[in-house]
Amino acid sequence: MLNKKIETALNEQVEKESFSSALYLAMASWSEVNGMAGIADWLYLQAEEERMHMLKFIRYINERDGYAIIPASKQPKKEFSSVKKMFEEVLKHEQFISASINDIVALCITEKDFTTQHWLQWFVNEQIEEEANATKILDKLSLVGEGNLYLFDRDIVSLRKASAGGEAAAEA
Ligand SMILES: [Fe+2]
Ligand SMILES: [Fe+2]
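Residues numbered from 1 in each chain as written. Chains lettered and ligands numbered in written order. Predicted model: local features only at pLDDT ≥ 70, side-chain atom pairs only at ≥ 80, totals over all residues. Heavy atoms only, no water.

**Examining the coordination of the iron ion (ligand 1)**
Listed as protein donors to the iron ion (ligand 1) are Glu-17 (OE), Glu-50 (OE) and His-53 (ND1); their distances from the metal cover 2.1 Å. Donor residues for the iron ion (ligand 1), ordered by position in the chain, follow E-x32-E-x2-H. A spacing of 3.3 Å is found between the iron ion (ligand 1) and the iron ion (ligand 2), which share Glu-50 as a donor. Taken as a pair, Glu-17 in helix α1 (residues 4–33) and Glu-50 in helix α2 (residues 37–63) lie far apart in primary sequence, 33 residues in all. By relative accessible area, Glu-17 is classed as buried at 0%. Taking relative accessible area as the criterion, Glu-50 reaches 1% and is therefore assigned buried. (Donors = N, O, S within 2.8 Å, 3.2 Å for Na, K, Ca; no water. Helix = DSSP H or I, 4+ residues; strand = E, 2+ residues; numbered from the N terminus. Buried < 20%, exposed > 50% of the residue type's maximum accessible area, 1.4 Å probe, protein only.)

**Looking at the nonpolar core**
Residues Ile-39, Val-83 and Phe-87 are the most contacted members of the largest nonpolar core, which totals 25 residues. If you list the elements that add at least two residues to this core, you get α1, α2, α3 (83–110), α4 (114–144) and α5 (150–171). Residues contacting Val-83, with those up to four places away along its chain left out, are Trp-30, Met-36, Ile-39, Leu-141, Glu-146, Leu-149 and Phe-152. Formed by 19 residues, the second largest nonpolar core is a distinct cluster that contains Leu-10, Ile-104, Val-105 and Trp-122. (Core = buried A, V, L, I, M, F, W, Y, C linked by side-chain atoms within 4.5 Å. Contact = heavy atoms within 4.5 Å.)

**Quick notes on the packing of α2 against α3**
The relative placement of two packed helices is expressed as an angle between their axes plus a distance between the axes. For the pair α2 and α3, interaxial distance at closest approach is 13 Å and the crossing angle is 15 degrees. It follows from the interaxial angle that α2 and α3 lie roughly parallel. At the point where α2 passes α3, the crossing takes the left-handed sense. Note on element contacts: α3 touches α2 through Val-83, Met-86, Phe-87, Glu-94 and Ile-101, opposite Ile-39, Trp-42, Leu-43, Gln-46, Glu-50 and Phe-57. A per-class count over the contact of α2 with α3 returns eight nonpolar, one polar and two charged. (Axes fitted to C-alpha atoms, helices over the stretch in contact; angles between N-to-C directions. Parallel < 35°, antiparallel > 145°, perpendicular 65-115°, else oblique. Left-handed = near helix turned anticlockwise from the far one by under 90°. Nonpolar A, V, L, I, M, F, W, Y, C, P; charged D, E, K, R; others polar.)

In structure tokens form, the structure reads like this:
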């Protein structure tokens, strides 16, 4: 059975993963209406992944006799000033999520919940990948500059496929 403090922290993480999904959907929609179908695809896929993260937390809380609470959705922002700024926000958001996961790991140690601590290791590893992916995209954007994003938009989803093997292996 989950202790109350851990259950609350995990439920807060459900909300954060849910918001991550909504944020990336908002970015996908903005990219799509601004003619960047490839960037939109990358973000739609990312939003799906965040939904999977949320589900993992929900199912774990319930499996351990807690009660996963489905949060109300906060509206993410609608406007992004540039593609580069948008991906800087992706990186900042992922760093925020990593810090949040680390805080729960630390709480598990003080509360001696080593089962949840062990279970969270998947997310610790996932966050390394999430931050690395965002950094990789920002590096590419610096290389190509923002004047002509045609090739970047065409190629961004293949960047994702290159790392998808790693994600699939982590899922198994
Ligand atoms: Fe996530
Ligand atoms: Fe993420």
